[in-house]
Amino acid sequence: MALPTATFLTCRSWHSNAIDVPVCLTFGVFNLCFYAGGLLLLLHVLIQSPVALKHALGCLFLAFALLRIASDLKLIPGSSSSELRPRGEHPPLLMFGWAITGSLSGAMSGIFGVGGPPTMLFMTMARMDKGAMRGTNQAGNIALQLVRIGMLLSTGVLKPTAPGVGLELFSLVSAGIVGAVIGDQLHGSVSDRAVVRII
């Protein structure tokens, strides 16, 4: 479902020059590598302990929520500024942060199927504007979705010929595209600050 919507939003963002290419490449490379490792770890080791996986996922979500609260309360160095970071600004520490975020997000995507929390948290802490946030995230998402589909097909987890799967995919993709078009129309009317608060 995510591939068509990510492609649509990436094209829209590319048209408005809202994709931070160095960040996208740094994040994307680490994200893809750790996604593959996370999925293989899940299929060969962690799948034997579903209860432990649920507990680990719950702890991770709690940790991200606490980090978000700490950032809002200005308890994290650098989070006190409300100024948006200019596009094209890539200090080494920030790029290192993107590499770590890509690794964590990729591993979570591979193991749990949910890699968004670390990405969204770091994007807001890095003070990206809403256009760069959307464009960079969706551009990186295209490569991840292609790798994800390939690995899920090759490992037999995704079975497109199973009864009812075609209709489910069509329904999900259609709903995703409609939602992306509506969201794209609303994008211009929502402030950067409101986007950060929503995330």
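The present account deals with the structure reproduced in this document. (Residues numbered from 1 in each chain as written. Predicted model: local features only at pLDDT ≥ 70, side-chain atom pairs only at ≥ 80, totals over all residues. Heavy atoms only, no water.)

**Structural notes on the overall build of the protein chain**
Turning to step 1, where the next piece is worked out: The secondary structure content of the protein chain amounts to eight helices and zero strands.
Turning to step 2, where the next piece is worked out: Its C-alpha radius of gyration of 17 Å places the protein chain within 12% of the 16 Å reference for a compact globule of 199 residues.
Turning to step 3, where the next piece is worked out: A principal-axis box enclosing the C-alpha atoms of the protein chain has dimensions of 50 × 35 × 25 Å.
Turning to step 4, where the next piece is worked out: The 199 residues of the protein chain split such that 38% are buried.
Turning to step 5, where the next piece is worked out: Carbon together with sulfur atoms contributes 72% to the accessible area of the protein chain, which is approximately 11,200 Å² in total. (Helix = DSSP H or I, 4+ residues; strand = E, 2+ residues; numbered from the N terminus. Rg over C-alpha atoms; globule rule 2.2 N^0.38 Å. Buried < 20%, exposed > 50% of the residue type's maximum accessible area, 1.4 Å probe, protein only. Areas by Shrake-Rupley, 256 points an atom, 1.4 Å probe, with all protein chains shown as cover.)

**Brief notes about unusual backbone geometry**
Turning to step 1, where the next piece is worked out: Residue Asn 17 is not a glycine yet carries a positive backbone phi of 55 degrees.
Turning to step 2, where the next piece is worked out: The backbone phi angle of Arg 127 is positive, close to 60 degrees, even though this residue is not glycine.
Turning to step 3, where the next piece is worked out: Relative to the helices and strands, Arg 127 is located in the loop between α5 (116-125) and α6 (130-154).
Turning to step 4, where the next piece is worked out: According to the relative accessible area criterion, Arg 127 is buried, its value standing at 19%.

**Examining the packing of helix α1 (residues 2-15) against α6**
Two numbers describe a pair of packed helices, the interaxial angle and the distance between the axes.
Turning to step 1, where the next piece is worked out: Interhelical geometry of α1 versus α6 gives an angle of 145 degrees and a closest axis separation of 8 Å. Relative to α6, α1 is oriented so that their crossing is left-handed. Between α1, through Ala 2, Leu 3, Ala 6, Thr 7, Leu 9, Thr 10, Arg 12 and Ser 13, and α6, the contact on the second element is made entirely by Arg 134, Gly 135, Gln 138, Ala 139, Asn 141, Ile 142, Gln 145, Leu 146 and Ile 149.
Turning to step 2, where the next piece is worked out: Among the residues forming the contact of α1 with α6, the class breakdown is eight nonpolar, seven polar and two charged. (Axes fitted to C-alpha atoms, helices over the stretch in contact; angles between N-to-C directions. Left-handed = near helix turned anticlockwise from the far one by under 90°. Contact = heavy atoms within 4.5 Å. Nonpolar A, V, L, I, M, F, W, Y, C, P; charged D, E, K, R; others polar.)

**Let's talk about a nonpolar patch on the surface**
Turning to step 1, where the next piece is worked out: Taken together, the side chains of Leu 62, Leu 66, Ile 69 and Leu 73 present a nonpolar region at the surface, about 400 Å² in accessible area.
Turning to step 2, where the next piece is worked out: Relative to the helices and strands, Leu 62 is located in helix α3 (residues 50-72). (Patch = residues over 30% accessible without salt bridge, like charges linked within 9 Å, V, L, I, M, F, W, Y side chains within 5 Å. Salt bridge = Lys/Arg side-chain N within 4 Å of Asp/Glu carboxyl O.)

**Here we look at the packing of aromatic side chains**
Turning to step 1, where the next piece is worked out: Taken as a whole and assessed by the stated rule, the structure comprises two aromatic pairs.
Turning to step 2, where the next piece is worked out: Look at Phe 27 and Trp 98: their rings are 6.0 Å apart centre to centre, the planes differ by 90 degrees, and that puts the pair in the edge-to-face class. Taken as a pair, Phe 27 in helix α2 (residues 21-44) and Trp 98 in helix α4 (residues 92-112) lie far apart in primary sequence, 71 residues in all.
Turning to step 3, where the next piece is worked out: Given the relative accessible area of 8%, Phe 27 is considered buried.
Turning to step 4, where the next piece is worked out: Trp 98 sits in the buried class, given a relative accessible area of 2%.
Turning to step 5, where the next piece is worked out: Relative to Phe 122, the ring of Trp 98 lies with its centre 4.9 Å away and its plane at 80 degrees, an arrangement referred to as edge-to-face. One end of the pair, Trp 98, is in helix α4; the other, Phe 122, is in helix α5, with 24 residues separating them in the sequence.
Turning to step 6, where the next piece is worked out: Connected via pairs of aromatic rings, a cluster forms that spans Phe 27, Trp 98 and Phe 122. (Phe/Tyr/Trp six-rings, centres within 6.5 Å; stacked < 30°, edge-to-face > 60°.)

Just distances and angles here, no functional claims.
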